[in-house]
Amino acid sequence: MQILQIISSAQGAQSFSTRLSQGIIDKLLAAHPGSTVVVRNVATHPFPHLEEAHLQAYFTPAEGRSAEQQEAVRHSDEAIAQVMAADVLVIGVPFYNFTIPSSLKSWIDHLTRAGITFRYTATGPEGLVKGKKVYLAVASGGVYSEGPMQTADFATPYLRWTLGALGMSDVTVARAEGIKIPDLQATALQRGIDSVAV
Ligand SMILES: Cc1cc2nc3c(=O)[nH]c(=O)nc-3n(C[C@H](O)[C@H](O)[C@H](O)COP(=O)(O)O)c2cc1C
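Keep in mind the model is a prediction, meaning the values are calculated, not measured.

Calculation criteria
- Residues numbered from 1 in each chain as written.
- Predicted model: local features only at pLDDT ≥ 70, side-chain atom pairs only at ≥ 80, totals over all residues.
- Heavy atoms only, no water.
- Phe/Tyr/Trp six-rings, centres within 6.5 Å; stacked < 30°, edge-to-face > 60°.
- Helix = DSSP H or I, 4+ residues; strand = E, 2+ residues; numbered from the N terminus.
- Buried < 20%, exposed > 50% of the residue type's maximum accessible area, 1.4 Å probe, protein only.
- Lys NZ or Arg CZ within 6 Å of the ring centre and 35° of its normal.
- UniProt positions renumbered as here; feature names shortened; annotations may be inferred.
- Contact = heavy atoms within 4.5 Å.
- Polar contact = N/O pair within 3.5 Å; in protein donor to acceptor, adjacent residues only side chain to side chain.

On to the packing of aromatic side chains. Throughout the structure, instances matching the rule amount to two aromatic pairs. Plain terms: the ring middles of phenylalanine 95 and tyrosine 144 are 4.2 Å apart, the flat faces sit at 25° to each other, and that makes the pair stacked. A residue pair is termed long-range when its members are at least 10 positions apart, and phenylalanine 95 in the loop between β3 (88-94) and α4 (102-111) and tyrosine 144 in the loop between β6 (133-140) and α5 (156-165) qualify at 49 residues. Each member of the pair phenylalanine 95 and tyrosine 144 is classed as buried. When the ring centre of phenylalanine 16 is taken as origin, the NZ or CZ atom of arginine 19, which lies over that ring, is 4.4 Å away. Lysine 133 extends its terminal NZ or CZ atom over the ring of tyrosine 135, reaching a point 5.0 Å from the ring centre.

Bringing the UniProt feature "binding site: FMN" (unreviewed entry) in the chain into the picture now. UniProt feature "binding site: FMN" (unreviewed entry): in the numbering of this structure it lies at Ser9, Ser15, Phe16 and Ser17. By the secondary structure assignment, phenylalanine 16 is in helix α1 (residues 16-31). Here phenylalanine 16 is in contact with Ala139, Ile179 and Leu189, once residues within four sequence places are set aside. Inspection of the secondary structure puts serine 17 in helix α1. For serine 17, a relative accessible area of 2% gives the class buried. Excluding residues within four positions of it along the chain, serine 17 makes contact with Ser9, Gly92, Val93, Pro94, Ala137 and Ala139. Within the structure, the side chain of serine 17 is placed 3.2 Å from the side chain of serine 15, a separation counted as a polar contact.

Here it is as structure tokens:
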């Protein structure tokens with residue numbers, strides 16, 4: 001089994017979303033010995049923000065692309081190839097300013113390609129990335145799974161919707177939440193890891 005780990009925390013080794021991801025990956029490796037893990041850190045090796053050059057390259061047939069357009073499309077081809085090769089995705093999702101980091105959004109922007117990862121049909125868009133299992137390892141200072149802040153979770157519903165639109169609808173959410181709340185801080189990570197059965 002091939003596992004793709006996406007790291008998007010800007011907090012390096014201290015990152016809760018990365019440590020939660022690792023806890024999930026450890027369980028996956030124990031359940032599926034011999035699996036391989038490919039790591040893509042989009043915080044240290046970010047995908048560029050989408051620019052006109054990227055979009056023009058996407059909509060130019062491969063055989064007609066200039067050298068610059070081939071370079072522009074390389075990021076997207078790379079993101080798509082890594083996802084297509086994976087059986088399982090473990091995506092680290094730090095909560096920054098009520099949503100996902102812009103580095104993770106850039107990865108999604110390069111992953112979302114009409115005709116490759118989704119297509120338009122008479123009844124709406126259809127996802128073309130099939131057969132993947134996705135774990136979202138969400139870390140947040142506050143608590144968003146329940147209580148008054150639930151409606152301010154602009155990360156998890158967005159990711160469920162977007163990944164689903166690409167065909168990845170088998171999504172499990174694990175949370176290390178309450179990182180900034182003294183009573184919850186010490187146990188948040190372990191509770192997140194324990195919540196996942198693989
Ligand atoms: C720039 C920044 C913005 C943050 N914004 C929020 C927020 O809006 N809501 C929240 O609950 N926690 C927020 N936090 C706390 C983080 O969610 C918490 O530090 C979490 O551990 C981030 O994941 P990471 O450790 O993988 O980086 C923020 C932290 C930083 C550094």
